[in-house]
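# Structure assessment
This is what each chain is made of:
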Amino acid sequence: MFMTYAWFEFLVYSAVSLAAIAPIILLILAVIDWHKEQLW
Amino acid sequence: MQLFFSRICTKIVILSLLLGISAATALELRPKQQSSSEGYYTLRWEDSGKEITTLEMSPSSDFGTIETQYNVVGMSQISVTGYTNGQYYFRLVDSNGVAVGNPASVTVEHRSLEQALQLFGVGCLLFLILVSILLFGPRQKN
Amino acid sequence: MTEVTLSSQWALLIVVLFGIAWIAFGWWLGRNNRTIDDFMLAGRNVGFAFASATAMATWITSNTTLVAPQLTYQFGVWGMIGYSLAALGLILFAPMAKRIKALMPHGYTCGDFIRKRFGFIAWLIFLVISLCYALGWLVSLGMAGGILLSALSGLNYFFGMSAILFICVCYTLLGGLKAVIATDFVQTIIILIGVVLIAYIGISEIGLETIYDNVEEKSPQLLNLLFPAAIMFLFNNIFFGIGEIFHSNVWWSRAFAFKENIGKKAFLMSGLLWLPIPIVTGFAALAAFSLDVFPPSADMIGPLIAAKILGKVGAVFVFIVVFSALASSLDSLLAATSDLLTKDIYKGLINKSADNAHLFKVSKISIVALGFFTWLLCIPKVATLGALLNFTGAFVASTIFPIVFGLYYRRLDGVTAAFAMALGTLSGLLGFGFIGFYVAALFSCAISLLVCLIGLMIKNQKFDWQTLSE
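So, how was this worked out
Residues numbered from 1 in each chain as written. Chains lettered and ligands numbered in written order. Predicted model: local features only at pLDDT ≥ 70, side-chain atom pairs only at ≥ 80, totals over all residues. Heavy atoms only, no water. Helix = DSSP H or I, 4+ residues; strand = E, 2+ residues; numbered from the N terminus. Buried < 20%, exposed > 50% of the residue type's maximum accessible area, 1.4 Å probe, protein only. Areas by Shrake-Rupley, 256 points an atom, 1.4 Å probe, with all protein chains shown as cover. Pairing = 2+ DSSP bridges. pLDDT = per-residue confidence, 0-100. Axes fitted to C-alpha atoms, helices over the stretch in contact; angles between N-to-C directions. Parallel < 35°, antiparallel > 145°, perpendicular 65-115°, else oblique. Left-handed = near helix turned anticlockwise from the far one by under 90°. Contact = heavy atoms within 4.5 Å. Phe/Tyr/Trp six-rings, centres within 6.5 Å; stacked < 30°, edge-to-face > 60°. Lys NZ or Arg CZ within 6 Å of the ring centre and 35° of its normal. Buried area = accessible area lost by both parts, 1.4 Å probe. Polar contact = N/O pair within 3.5 Å; in protein donor to acceptor, adjacent residues only side chain to side chain. Salt bridge = Lys/Arg side-chain N within 4 Å of Asp/Glu carboxyl O.

A few words on the overall build of chain A. Each helix and strand counted, chain A has 1 helix and 0 strands in total. Reported as C-alpha extents along the three principal axes, the dimensions of chain A are approximately 55 × 15 × 10 Å. Out of the 40 residues belonging to chain A, those deemed buried represent 38%. Only carbon and sulfur atoms are counted for the fraction: they give 75% of the accessible area of chain A, which is about 2,600 Å².

And the structure:
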């Protein structure tokens, strides 16, 4: 049973796109917290 | 694993030095024989001044057919991976295409799939127990 | 790795600039630290964004950038999937963080919990496990710092190792957990942008299809989903990760430090954001077969491939990412372990009557002492010390069930917990010796569960939860 290219592609691309969104999410959350003065 | 392995290798080196089989004259590909249960392993050799360029792998001890050639210019050790069950032979080749030193053999025999799946099952079970405690565990309040 | 990719002047410049920036930032954040709660637990009021980022950054260590490619190289696709499932540690800690904060609103360390819940003997065993692990992790980070910085640039091992330890000790000392958390936030952003960029360049330079085709042709075993050792590794790695997180004060101190009702959300978020990272850093290892480069030792495959794909400009990115990944874990570990030394060893064993102002000083001294001790252990560059972390899977996985049962069930008593940790560790070590590193945590966890279940059957302690909140 071997991993097919389709699955491999799906795995890598979804991982890379999730990782690409992550810093944006974190920055947005930080701005919201900062706005509400709830960073700390 | 790697720790144990490197210890064994050091022992082999010390042993060979004690027995006087030092690699003073011929280039030595070490270890001469090893086995792997995971399909990855390391081969080492001394930089003897001979210009080693390639490590060749063949499924037969007479190197009739060369299946893989690893480019090892400037290296004295290589970690290879992805081997299936079987017996593999390795030798070093210099820039003129001449084989130097001894051949080394590696036996790859993967762990049994059955055993692996049993452990997988145990892992699954433990994981389910853990998750169910965390999700449905009793919540006694203070 | 034989070739140096980044000139030592550049590397030095980066280290000095980042060093100054982090230390100044640490000083700025710590200027209002008045009490021990401010210093150790950032005032117990950390918000969602910082909380998520710090948990995530701490879990991205040099290991995520080094070991994920190594495991992919050795175990193939299961290697990177298995490694990414270490995120389950963070995800499962989420409900626990909430429980911990509710049970112990005034707690400081995980040692506090074990002592109050299970008594002296279990606490001692736990401390041994926890300190062995912390030291193993600290030394492996310090050494990885030296080795990586020297592999990526012309800087020598001693300088790289000393520099990273010095910088982390300085800003942790000046700013306490606040500095750790705020630098973690910035480091997370840097790391994420870096790894995505590296992966993107890798894919566009070589092509994902080429990578796959070459592996399929030359080494199909790495795409084999029925690869026995890799299947064994899968759950082992999950339990190693869970054990690391559940027992370690690095994570407990965060559970205490996060604002009310933030812990659960933050750990869940950090786990989900962390999940793809090992795949992003790991898949490139499979490019070895396309590029025809093979590493002298498996742990160098990541930097080797990165250097090959990216060349000199890319080496700057790799250097910064690795430097940030190292610092974000090292600072947390320094802070959390010094809390353990201050609260558990000093206050628990040496000076029981110490007040908080006194402990504040002790806590600063122990950060310096810990940094210095780690530095001493890192100087000889003994490779076996770096491999110490592999052993600790057997130790930490034995604490999972005692801690979980201890948090949720009144029945489990201290003697059982102590036995569970001791016997679990022992069987994990036996598994490590006879089969391989990829079963140690699983064996350890299974045996400790068994001991806990036996204990729960024969004994029934009616523990009073109130004891914990005092």
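Moving on from the model shown.
For the rest of this paragraph, the subject is the sheet that holds strand β3 (residues 41–45) of chain B. As summarised here, the arrangement of the 3 strands in space is β1-β3-β6 (chain B), forming an open sheet in which the pairing is antiparallel. Each edge of the open sheet carries a strand with a single partner, namely β1 (29–30) and β6 (77–80) of chain B.

As a further point, take the confidence of the model for chain B. All names here are of chain B. Overall, the predicted model of chain B reaches an average pLDDT of 82, with 78% of residues at or above 70. Mean pLDDT values over the elements of chain B span from 46, in helix α1 (residues 2–18), up to 95, in helix α2 (residues 113–136). On the interface metric, ipTM, the complex scores 0.95, and its pTM is 0.89.

All names here are of chain C. Look at helix α6 (residues 87–103) against helix α11 (residues 228–247): their axes get within 8 Å of each other, and the N-to-C directions meet at 40°. Between α6 and α11, the angle falls in the class oblique. Relative to α11, α6 is oriented so that their crossing is right-handed. Along the contact surface, α6 presents L88, G89, L90, L92, F93 and M96, while α11 presents I238, G241, I242, I245 and F246.

Here the focus is the side chain of T183 of chain C. When you line up the elements, T183 of chain C lands in helix α9 (residues 157–206). Discounting residues that sit within four places of it in the chain, T183 of chain C has contacts with W22, F25, Y171 and D331 of chain C.

Here the distance between the centres and the angle between the planes together describe a pair of aromatic rings. All names here are of chain C. If you walk through the whole model with that rule in mind, you get 43 aromatic pairs over all chains. Their ring planes at 20° and their centres at 4.5 Å tell us that F391 and F432 sit as a pair that is stacked. Placement of F391 in helix α19 (residues 388–397) and of F432 in helix α21 (residues 414–434) is noted, with a sequence separation of 41 residues between them. On the basis of relative accessible area, F432 is assigned to the buried category, the value being 4%. An aromatic cluster is built from W59, Y83, F93, F246, W251, F258, F267 and W274, whose rings are joined through pairwise contacts. Over the face of the ring belonging to W465 we find R99, whose NZ or CZ atom lies 5.0 Å from the ring centre. The lysine or arginine in question, R117, covers the ring of F463, its NZ or CZ lying 4.3 Å from the ring centre.

Of the residues lining the interface, 59 residues belong to chain C; the matching set on chain B comes to 46 residues. Together chain C and chain B conceal approximately 4,500 Å² of surface at their shared face, both sides included; 71% is due to carbon and sulfur atoms. Ranking the residues of chain C by area buried against chain B places F235, F294 and Y408 of chain C at the top, with a combined share of 13%. Where chain C meets chain B, there are 10 residue pairs in polar contact (both at pLDDT 80 or more). Going through the elements one at a time, α4 (62–75), α6, α11, α19, α20 (400–408), α21 and α22 (440–458) of chain C are the ones with two or more residues in the side of chain C that touches chain B.

On to the interface of chain C and chain A. At the interface, 43 residues of chain C touch 26 residues of chain A. Carbon and sulfur atoms make up 84% of the surface buried where chain C meets chain A, a total of about 3,000 Å² over both sides. In this structure, the connection of chain C to chain A is made through 0 salt bridges. For the pair chain C and chain A, the number of links is 10 residue pairs in polar contact (both at pLDDT 80 or more).

Before going further, it helps to examine the pairing of strand β4 (residues 52–58) of chain B. Residue and element names in this part refer to chain B. Counting buried positions along β4 gives 6 out of 7 residues, so the element sits mostly inside the fold. Bridge analysis of β4 against strand β5 (residues 68–71) gives 4 bridges, and the strand direction is antiparallel. Its bridge partner being in β5, L55 is matched across the sheet by Y70.

Another aspect to go through is the arrangement of the chains. Sorting the 2 pairs of chains in contact by contact count puts chains B and C at the top. One thing to see here is that chain A and chain B don't touch, and their nearest C-alpha atoms sit 12 Å from each other.

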